[in-house]
Amino acid sequence: MRWVACWAVLLAAAAAAAGVVGVLADGLLPLPVLRREGEFGLVPADEVAGDEGEGAWLRGVLPCQTYSATSRSCEELNGSGSFNTTCVISSSSSLDGDLCVYGDGSVEILPHVKIICPVAGCYITINVSGSIRVREHVEVIAGSVSLYAANVSLDYGSAVNTTALAGEPPPQTSGTPHSLEAAGGGHGGRGASCKVSNDTNWGGDVYAWATLARPWSYGSMGGSMSADHDLGGAGGGRVMLWATDFLNVDGHVLAEGGVGSLKGGGGSGGSIIIRAFKLYGNGTISAAGGSGWGGGGGGRISLDCYSIQQDLEITIHGGQSFGCAQNAGAAGTLYDSSLQTLKVSNGNFTTHTETPLLGFPMTRLWSNVLVESNAKVLVPLLWSRVQVTGQIRLLSKGSICFGLSESPISEFELVAEELLMSDSVIKSICVYGAFRMYIKVLLMWDSKIQIDGGAKDVVLASMLEARNLVVLRHGSVISSNADLGLYGQGLLNLSGPGDGIKARRLFLSLFYNIEVGPGSVVQAPLDEAVQSSLDALSRCESKTCPSELIAPPDDCHVNRSLSYTLQICRVEDITVSGTVRGSIIHIHRARTVTIAKNGTISASELGCKEGIGKGKFLKYGAGGGAGHGGRGGLGFYNGMTSEGGQAYGNPDLPCELGSGSGGPAENTAGGGLIVIGSMKWPLWRLQIYGSVSSDGQSHRGAAGNSNGTFKGGVGGGSGGSILLFLQGVLLEKNSSLSASGGNGGIHGGGGGGGGRIHFHWSNIATGDEYVQIASVNGTVASSGGSGNDDGRFGEDGTVSGKKCPMGLYGTFCTECPVGTYKNVVGSSPSLCTPCSVDSLPNRADFVYVRAEWRRLSINLFLQGGVTQPRCPYKCISDKYKMPNCYTPLEELVYTFGGPWTFAIILSFTIIILSLILSALRIKIGESDITYRATNAIHNDGCSSFPFLLSLAEVPGASRAEETQSHVHRMYFMGPNTFREPWHLPYSPPDAIIGIVYEDAFNRFIDEINLVAAYEWWEGSVHSILSVLAYPCAWSWKQWRRRKKIHRLQEYVKSEYDHSCLRSCRSRALYKGLKVGSTPDLMVAYIDFFLGGDEKRLDVTSTIQKRFPMCLIFGGDGSYMTPYFLHSDTLLSNLLGQYVSTAIWNRLVAGLNAQLRTVRQGSIRSTLVPVVSWINSHGNPQLERHGVRMELGWFQSTASGYYQLGIVVAVNENFYKSLHHEYAPDFSDRSRKNISVSLQSSNQANQDQPCTSYSVLRKRLTGGVNGGIINEGTLKSLDYKRDYLFPFSLLLQNSRPIGYVETLQLLICILLLGDFSITLLMLVQYYWISVGGFLAVLLIPPLALLSPFLAGLNALFSRGPKRSSVTRIFALWNTTSVVNIVVAIVYGALYFGLSSLAVSSVHRVSNTKSLQESGRQ
C-alpha cells in the first residue's frame, strides 16, 4: 500500500507540475490597466486585459461587472449618497446572501460599522472607480471579500475577515483529511498529523499549485476523530484587494483557517490576492492555518505591487497542533509577482510537516525562493530542476527536502545565482539519488547539506558547483554517504570549528584557493571507521602501484574507477589550519600546500585491517606487529612468540597502504596513503607548520577470552605511505611528517613497523646557483611502534629521496658540507669527501658554491655543490681581494716583491722627495732666516744664549699723554681655564686707592668676575674634545679665551659706567679703565688712568709711585704656551723714560728666549738658568740706567696656581738726577742703592719662604701678592710633575747651532715618512676594519694627516708665525709617532688573532662536516 500511495502522489504531483508549467509558460500577467469612461465605473476585464484567460479569471473573481449586478443600494446598506458619487455607510448590516456593489463613485464605511455575511462561501464585492475607505474598527466579514477601486484604505483596527468562512474547496482535492486522526487541513501547506502510525506524516494535502500567482481557492476543513460529527475547524476564505493606485493597510486582512478542537484538526488558510501600484501601512495580512489537534496548513497569498512598505506583517504559517506541539501545520506560500519571488515561512512554529513545491517554471524563471522560520519545503518529484535567476535563501531553520524515501533513483538539480543558508538544513536524508547544484555563491551559517545516495551503488555521484565562492561558517556541514564532487573557480573556505565537508569519496577541484580553517574537517570516508572506506580496503592485497597515483588523469572529474577516497585537484593554493583526513589522499595539480600550526593532513589508522604485512596472532599468545617499511615487532606472551609482519613495498616509490595486525575482531589498522603531486605536475611548495601523518593504529585495550582470562596483546598497525612529488618543502620547528608504526597492545603486543616516506624531487637546480629545495627544522619520522611488556619494537621504516646530482647529498639534496666535495651521483653522506686546506689563504674560508665565486679563477663546472677536489673559498670580508685575500695595499706591496723590497723602494722615494722639498724650501725663502750668534747684550761681555728669531723687535710709539696718565696695571688671577677662569681680587692696590671709591670698586670686581666666568657647556665641549682630538680642544679653548677677552673689553669699554672712579671726567667719557691681555690669552689686566680732573701731582712723583712694578709673564710653561714677557707700547714707554726702547726690547727678547726652556713640570731646575741670566746679563745692562729687575711669583690662587713675572725697581735719586743738569757718580750710587734695596729683600726671601713675609713682599711687588725668586727660594716653589718626560723633551723650543741644513733634511725625511706611513696605515686599516680605521683616525687626536700640513706650513713659514706653527707641528708629530706605534701593535694583534680564529674555524668546520656526514 505504501508503494501505491507513493506512486499516486508522484503522479498527482507530475500532473500538477504539468499544469503549472502550462499556465506559467506564457508568463505571469501584469496588473491590467483599467480605462475609465464617463458613465461607466469599471470596464469589463475581457475588454481591458486583451487576454481571454485573464478576462475569464477576472469574471470569475469579480462577479460585479455591471450596474445591473448591484444587489443593494447605498441606503439599503444604511448609508447616505450613492455608489456613483459617494456612499457613506454609517450603520452595521447583517447580510443573508451575497453583496455586489458596482459604481463610479467612492465608498466610505464609518468607524465601528460591521458588514457581516455569516454564511460560508458568501461573498461581498465592492467594485467602484473612486476610492474605498474602511475606517477605524470596521469589520467586513464574509466567505469571500473583493474590494476593487483606484485607492483602497483600511484604517487602524479595521478588518476584512474571511476566517473559517470558506466555501467548498476545488473538486478532486485532498485538502480535508479523510482519516479519523483529527489532522489539519491542507492548502498552501500540508496539515499536520499527530498520529505516530501515520505513514505519510501529514493530514490534508496541498492543492491549487497551478494558481500560485492568482490563488482563489478556499481553505479546507480540518479532520475529525468522529465519523458522525465534523469537529475540525473550517478553512479560510478568499480576499482580493485590487487598487490601481494606492492600497493602505493599517488594519487586518485575514483569510485564516478555523480553530479546531481537541478532537478536530485546524482548518487550512485561504487565499489572498493583493494588487496595487503601492502597498503600505502597518497592518496585517494573514492566510495562516488554524490551530487544532493537528494544525492546519497555511494558505496562499499573492502580491503584485510596484512598491511595498516593509512594515506590513504578512503571515502564511501553519496552525499549532494541540496533540503534537513540535509538529505544527506546514507553511503556506507567499508569491510576489512583481519580484518573481516565492516565500515559504512558518512563523518560527516548529513542524515536521512539509510544504510541497510541485513544479518550477522553465520559461520565465523565478528570481528568488525564500524558505524561512522553520518552514520545511519538499520537492517530491522523481526528477526536478529547481532554477531561479537570483537567490535560494534558507534562513532560521528553514529546510528543503528533495525526493521520496521510496524512490532511491531520483535526480535533482538546483540552479541559482546564490544559495544562502543560515541556521537551516537541506536534508540529504530526503535526497535518494544524485544531487546537482550549479550556483555562483554558496554561503552557509550553522547549516547542513546532507546527501543520502542510498545503499545501492547504482546511484550517480552528486556534484556541487559554486563558481565564485563557497563559505562555511559556524558549524556548517556538507555531507554525503556516496561520492561527492565539489567544484568551483574561486574560494572554498571552511572558517572554523564544526565546519566540514564529508563524503564516502570526496573530490574537490578547480578552486583557486581552498582554506580549511581551525577546527574544520575535510574527510573521506564519511566517518572514522575503516570499514566505511571500501575503496581503500580494495587496495590492501595489491602489490602493484596504481597508475592513477603516479600519472593521474587531468580532468579532475568524479571517477569511481580511481583509487582515491579524497582528491583535491587543480587548486592553486591550499591552506590547512584544520583537518584533512582520508584513507587515500591525493592532491594533484596544486601550486602550494600550507599546513598551519594546528593543521593536519592525516591518513593515520585508515589503512588495511590486515593486508600484505599483517602480523601473526596466536590464540593464547600475543600478536606480532604489522610490517611495511620495516618488519613488525615480535609479540611475546606466556612464553609464546608471534612473528611480526613482513616488510614490503618500494622505498623509492612507495604507494601501498599500511597493514593491520590481524587476529581478533579488535585488530588494529595500518596507516593510509598520502600522495601530493605527480610525476607530470609536481607541487611547487609544501609548507608544514603542523603535521602530515600516516601512522599505524595503536592497540589501546586488552584482548580477553570468553572465560574472563586475558589473551596476549594485539600488535600495532604499520605506518602507511607518504609520497611527495614536489619542488620544495618547508618543515618548520615543532612540525612533523610521520609514517610511524602503532604501539603494541597490553600483555606483550609487538610494535608495528614504520611506514615509508619518499621525496621525489623535481627540477633540482644544477645551474649556476644552488637553490635550496628543503628547509627542515621539524621532525621526519618513520619509526617503528613500541612493544608492550615483553613485546618487541617494530623496525623503522624508510625515509628516502630522489638520487641527488653531483655536489648534493642526503634525502633533501642539500649541498655537501663546507669544505667537502662530491663528484658522483647519489644521496649517501659518505660520498662527500673533505677538501684539502693547503691552498686556502689565511683570510679565507671554504664556502658553498655561488655564481659570484665561479667567475674568479676557479674555472670548474659546478652544479649547486662542490663537484671537484678544489673547493671554492671566500675571503672573510668583502674588503679583501681574491684570490689571495689581500688588501689593496698588500696587493701593491707584493706587486713590488714583498714587504722588504717595498720598504726599500719607499725609503729611497722618501729620501729623494725630501731632498727636493729641502731644496725648494731653501730656494723660496731661507736666505732671510739666519741664526744670529750675538746680540747687543752679548756685546757687553756676557756669554751667548739662544733666542727665537721669530720674535722681531717691535719699536713702540711714544704716547706721552697715556703714559703720564697711567696709574696702575692690575692683573687678573687664575690660569683662564674652564675650571678656574680669570678673576680679580677684591682689595684695591695701594696705587689706586686714591682714585677709586672702595665700595663701588668691590661691586665692579663682582661684575667683572661674573663676566670673566665661563658657561658650563664650554667646559663640557672642551672635555669631550680633549678625549677625541686634543688639538681641537686646544683650539676651542683659545677661541673661547679670545671671545672672553673681547667680552671683557666690550664690557669695560661700553657697558660699565666707571662708577668706581673718583674722576668725573673718567666716568663721563668711559676712559679711566682699559682691559688688555697677552697674545696667548693666558694673562689679562686692567690699566687704570687718571681722568685729568683729580688733584694734579707732579709728574715725577706719579711715575715714581709706579715702581717697583710687577710684570707678569704670559703662558703657563706648557709646550703650546711657554712663558714669555709681553712688552706692549705702554710698558715700553714707561720704561723708556729710564732705558732706551731698543735695549728694553732686546732684553725682553733675550729673557723670552730663556723662558722658552722653562717647563712647568720641572720649574725648579729650569728657572735656574733664567735667574742666572738675569743676574749675569739682564741687570748689568739695566743698572747702568738706574733700573733693576728680579724674577718673582705672583697672585697665588686657592688651587695653588701662581703666575711668574719680574719686578722692576727704579732708583729715586737717579730719577731725580734726570731732571738736573748734573749727575755725579750716577752709576755707583744707583747700583749701590738699588743693590742695597733689593739685597735686603733677597736676604729676607732666603731667610723665610715667599709665603711668610707680608709688608716687605707687598712693597717690593707693587702691592701685588707674591714674592722674589732667587737661588734660595727656588726650592720652595710648587710644580706639577711631567709624567710624559722624556717624550716632552722633544718639544723643547731650542734651536740647534750649526747642522741647520742637515737638520732640515732630517725634518723633511721625517715629515714625508710620517705622512707616507700614516697614509698607508689608513688605507690598510680601512680595508681591514672600519672600526680600526676610525680608532686610528679619531682616538689619537688628529695625528694622522694634519702633521704633514702643519709641518709644511712650519717649514715654509717666516718670522713670528713659525714659532707657533712649529710647536703645533711638534705636538702633533709626537702624537703621530704614538699613533704609529699603537697602530702597529694593534695591527699585529689583529692579524695574529684573526689568523688563529680563521685556522680554528677551518678545523672546527671540517670536523663538524665530517661528523654530520657520518651521522647521516
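As the structure is a prediction and not an experimental result, all values here were calculated from the model.

Attention shifts here to the environment of Gly219. Counting through the fold element by element, Gly219 comes out in the loop between strand 11 (159–161) and strand 12 (238–249). Assessed through its relative accessible area of 2%, Gly219 is described here as buried. Taking the C-alpha atoms as reference, Gly219 lies 9.2 Å from Arg300; in sequence the two are 81 residues apart. Setting aside residues no more than four positions away along its own chain, Gly219 makes contact with Ala166, Gly167, His187, Tyr207, Gly235, Gly236, Ser268, Gly269 and Gly270.

An order of 64-66-65-67 is seen for the 4 strands of this open sheet, with the pairing classed as antiparallel. Strand pairing shows two members of the sheet lacking a second neighbour, strand 64 (1109–1112) and strand 67 (1266–1268), which therefore form its edges. Averaged over all pairs of adjacent strands, the angle between their axes in this sheet comes to 35°, without regard to strand direction. Judged from the 3 bridges that link them, strand 65 (residues 1187–1194) and strand 67 form a sheet pairing that is antiparallel. What sits directly across from Trp1193, in strand 67, is Gly1267.

The description of an aromatic ring pair uses the distance of the two centres, along with the angle that the planes make with each other. All chains considered together, the criterion is met by 22 aromatic pairs. Ring centres of Trp209 and Trp366 lie 6.2 Å apart, and the angle between their planes is 65°; this geometry places the pair in the edge-to-face category. Taken together, the residues Trp209 in the loop between strand 11 and strand 12 and Trp366 in the loop between strand 20 (355–356) and strand 21 (368–372) connect sequence positions 157 residues apart. Neither residue differs from the other here; Trp209 and Trp366 are each classed as buried. A connected cluster of aromatic rings, assembled from ring pairs, spans Phe1001, Phe1004, Tyr1051, Tyr1056 and Phe1088. The ring of Trp1036 carries Arg1040 above its face, with NZ or CZ at 5.6 Å from the centroid. Positioned above the aromatic ring of Trp1039 is the side chain of Arg1040, whose terminal nitrogen or guanidinium carbon lies 4.8 Å from the ring centre.

Following the criterion strictly, the structure yields 8 disulfides and no others. Each sulfur in the disulfide pair Cys74 and Cys87 lies 2.0 Å from the other. One quick way to see it: the torsion about the S-S bond of Cys74 and Cys87 is about 90°, and its sign makes the bridge right-handed. Here Cys74 is found in the loop between helix 3 (52–61) and strand 1 (79–81), whereas its partner Cys87 is found in strand 2 (residues 86–89), with 13 residues between them in sequence. Given the relative accessible area of 1%, Cys74 is considered buried. Residue Cys87 is classed as buried on the basis of its relative accessible area, which comes to 0%. Covalently, Cys816 is tied to Cys832 through a disulfide, its sulfur atoms 2.1 Å apart. The sign of the S-S torsion, about -65°, decides the handedness of the disulfide formed by Cys816 and Cys832: left-handed.

Across the 6 residues of strand 7 (residues 123–128), 5 count as buried, placing the element largely inside the fold. As defined by bridge partners, strand 4 (residues 99–103) adjoins strand 7 across 5 bridges and the pair is classed as parallel. Bridge pairing in strand 7 links Cys100 to Thr125. Pairing of strand 7 with strand 10 (residues 144–154), which is carried by 5 bridges, proceeds in the parallel orientation. Note that in strand 10 the partner of Ile124 across the bridge is Val145.

Quick look at the confidence of the model for the protein chain now. With 75% of its residues at a pLDDT of 70 or more, the protein chain shows a mean pLDDT of 78. Mean pLDDT across the secondary structure elements of the protein chain bottoms out at helix 2 (residues 45–49), with 33, and peaks at strand 13 (residues 252–254), with 97. Throughout residues 1214–1262 the model reports pLDDT below 50, and contacts reaching past four residues in sequence, or to other chains, amount to 86 contacts.

A few words on the sheet that holds strand 62 (residues 1073–1077). Reading across from one edge, 61-63-62 is the order of the 3 strands in this open sheet, with antiparallel pairing throughout. Looking along the sheet, the strands with just one partner apiece sit at the ends: strand 61 (966–971) and strand 62. Adjacent strand axes in the sheet meet at a mean angle of 25°, parallel and antiparallel pairs treated alike. By the bridge criterion, 5 bridges tie strand 61 to strand 63 (residues 1084–1089) in an arrangement that is antiparallel.

Let us look at the packing of helix 16 (residues 1141–1155) against helix 17 (residues 1163–1183). One can describe the packing of helix 16 onto helix 17 by two numbers: an axis separation of 10 Å at closest approach and a directional angle of 175°. Relative to helix 17, the element helix 16 is oriented roughly antiparallel. Across from Leu1147, Gly1150, Leu1151, Gln1154 and Leu1155 in helix 16, the residues of helix 17 making contact are Pro1169, Val1170, Trp1173, Ile1174, Gly1178 and Leu1182. Of the residues that constitute the contact of helix 16 with helix 17, the class distribution is 8 nonpolar, 3 polar and no charged.

A word on the nonpolar core. Nonpolar side chains in soluble globular proteins generally cluster together in the buried interior. If you look at the biggest cluster of nonpolar residues, it comprises 89 residues, and the most contacted ones within it are Ile392, Leu442, Ile601 and Trp761. Top contributing element to this core by residue count: strand 29 (residues 433–445), with 5 residues. If we ignore the near neighbours within four places in the chain, the residues touching Ile392 are Val369, Val386, Ile400, Leu414, Ala416, Glu418, Leu419 and Leu420. Listed in part, the 48 residues of the second largest apolar core include Phe1113, Leu1182, Leu1191 and Val1208.

Criteria and cut-off values
Residues numbered from 1 in each chain as written. Predicted model: local features only at pLDDT ≥ 70, side-chain atom pairs only at ≥ 80, totals over all residues. Heavy atoms only, no water. Helix = DSSP H or I, 4+ residues; strand = E, 2+ residues; numbered from the N terminus. Buried < 20%, exposed > 50% of the residue type's maximum accessible area, 1.4 Å probe, protein only. Contact = heavy atoms within 4.5 Å. Pairing = 2+ DSSP bridges. Axes fitted to C-alpha atoms, helices over the stretch in contact; angles between N-to-C directions. Phe/Tyr/Trp six-rings, centres within 6.5 Å; stacked < 30°, edge-to-face > 60°. Lys NZ or Arg CZ within 6 Å of the ring centre and 35° of its normal. Disulfide = S-S within 2.5 Å. pLDDT = per-residue confidence, 0-100. Parallel < 35°, antiparallel > 145°, perpendicular 65-115°, else oblique. Nonpolar A, V, L, I, M, F, W, Y, C, P; charged D, E, K, R; others polar. Core = buried A, V, L, I, M, F, W, Y, C linked by side-chain atoms within 4.5 Å.

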